[in-house]
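# Commentary on secondary and tertiary structure
Here's the letter readout for the chains.
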Amino acid sequence: PATPFMVQMVAETGTTPTDRAATEPAMQVAVPAGTVPPGPDLFAIRVAAPGAEHLFALGSLLVCQRLRDEVEDLPDGTLVIMRARSNGNTRVDVREAEHFNGRLWLWLRSTHPHLQQPLPGPTPLTAPTRVAGGETIAILGVVVASWQPEAPKSPI
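Before going into details, it helps to say that this report is about the structure given with it. (Residues numbered from 1 in each chain as written. Predicted model: local features only at pLDDT ≥ 70, side-chain atom pairs only at ≥ 80, totals over all residues. Heavy atoms only, no water.)

### Digging into the pattern of salt bridges
Basically, it comes down to this: The term salt bridge refers to a side-chain nitrogen of Lys or Arg lying within 4 Å of a carboxyl oxygen of Asp or Glu. By the criteria applied, helices consist of DSSP H or I runs no shorter than four residues and strands consist of E runs no shorter than two, each listed in order from the N terminus. Only protein chains enter the area calculation, which uses a 1.4 Å probe; residues under 20% of their type maximum are buried, those over 50% are exposed, and those in between are partly exposed.
As enumerated under the stated definition, the model contains 7 salt bridges in all. For Glu96, the salt bridge goes to Arg109, with nearest N and O atoms at 2.7 Å. Of this pair, Glu96 sits in strand β7 (residues 89–100) while Arg109 sits in the loop between β8 (103–107) and β9 (119–120); the two residues are 13 residues apart in sequence, bridging distant segments of the chain. The buried category is assigned to Glu96, whose relative accessible area is 18%. Of the charged contacts, one joins Arg109 and Glu98 as a salt bridge, the two residues approaching to 3.0 Å between their closest N and O atoms. A residue pair is termed long-range when its members are at least 10 positions apart, and Arg109 in the loop between β8 and β9 and Glu98 in strand β7 qualify at 11 residues. Here the salt bridges share partners, and the residues they tie into one network are Arg91, Asp93, Arg95 and Glu135.

Quick look at the structure:
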């Protein structure tokens with residue numbers, strides 16, 4: 001039988017002060033056996049803030065693979081981890097790639113009324129890119145697996 005392996009959890013979704021995000025220690029997350037093959041370019045993200053609730057429940061763990069430099073485009077429906085930096089804050093989102101009018105757009109899949117606008121994909125995909133509003137965005141990787149850890153059982 002396959003055994004679980006560990007990957008580094010690098011962030012949670014949501015916004016944090018950039019200096020705090022850079023100094024918080026990383027955690028190790030056990031990836032359930034059979035989820036994905038182990039590899040050095042894997043990392044984990046915990047869904048901890050609104051923005052992807054049409055895709056994942058809060059508390060879900062996402063195993064992601066770093067985006068390789070030679071990737072020039074993403075197929076529609078690819079789920080990516082996007083990092084945005086501005087005004088001393090870092091935001092991590094789960095976004096869905098979708099092409100429209102010859103351009104790649106990164107959509108939140110949220111029920112929140114203020115989280116409905118897409119951002120244009122960075123060009124090239126692996127480089128930080130400044131977008132309207134002054135944010136600098138980058139795609140950290142693509143989601144390759146997800147699961148929601150079992151909630152602790154409470155007495156009835």
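### With respect to the packing of aromatic side chains
Here is the rule we go by: By convention, a stacked pair of Phe, Tyr or Trp rings (six-membered ring in the case of Trp) has centres within 6.5 Å and planes under 30 degrees apart, an edge-to-face pair has planes over 60 apart, and any other such pair is tilted. Both a distance and an angle decide whether a charge sits over a ring: NZ of Lys or CZ of Arg must be within 6 Å of the ring centre and within 35 degrees of the ring normal.
Applying the stated criterion to the full structure yields 0 aromatic pairs. In this structure, Arg103 is placed above the aromatic ring of Trp105, and the distance from its NZ or CZ to the ring centre is 5.9 Å.

### Digging into unusual backbone geometry
Looking along the chain, the bond that leaves Thr123 and enters Pro124 is cis, with omega of -10°. Within the fold, Pro124 resides in the loop between β9 and β10 (129–130). The residue Asn87 is not glycine, and still its phi comes out positive at about 50°. Mapping Asn87 onto the fold places it in the loop between β6 (79–86) and β7. Backbone geometry at Asn101 places phi at a positive 50°, although glycine is not the residue there. The residue Asn101 is located in the loop between β7 and β8 in this model.

### With respect to the side chain of Asp41
The test is simple: The contact rule is simple, with two residues in contact once any of their heavy atoms fall within 4.5 Å.
Structurally, the position occupied by Asp41 is in the loop between β3 (27–31) and β4 (42–46). Those residues in contact with Asp41 that lie beyond four places of it in its chain are Cys64, Gln65, Arg66 and Arg68.

### Here's the deal with the side chain of Glu135
Our working definition: Any pair of N or O atoms that falls within 3.5 Å is considered a polar contact. Within protein, one atom must be able to donate a hydrogen and the other to accept it, and sequence-neighbouring residues count only if both atoms are side-chain atoms.
By the element assignment, Glu135 lies in the loop between β10 and β11 (136–147). On the basis of relative accessibility, which here comes to 15%, the residue Glu135 falls in the buried class. At 2.4 Å, the side chain of Glu135 and the side chain of Arg91 are in polar contact. Look past the residues within four positions of Glu135 in its chain and what remains in contact with it is Ala84, Arg85, Ser86, Arg91, Leu119, Thr129 and Arg130.

### A look at the pairing of β6
How we decide: Any two strands with at least two DSSP bridges between them are considered paired.
Across 8 bridges, the pairing between β6 and β7 is antiparallel. Residue pairing in the sheet places Leu79 in a bridge with Glu96 of β7. What sits between β6 and β7 in their antiparallel hairpin is a turn of 2 residues, with Asn87 showing a positive phi close to 50°. Of the pairings in the sheet, the one linking β6 to β11 comprises 6 bridges and is antiparallel in character. Bridge pairing in β11 links Arg85 to Thr136.

These results come straight from atomic positions and should not be treated as a statement about function.
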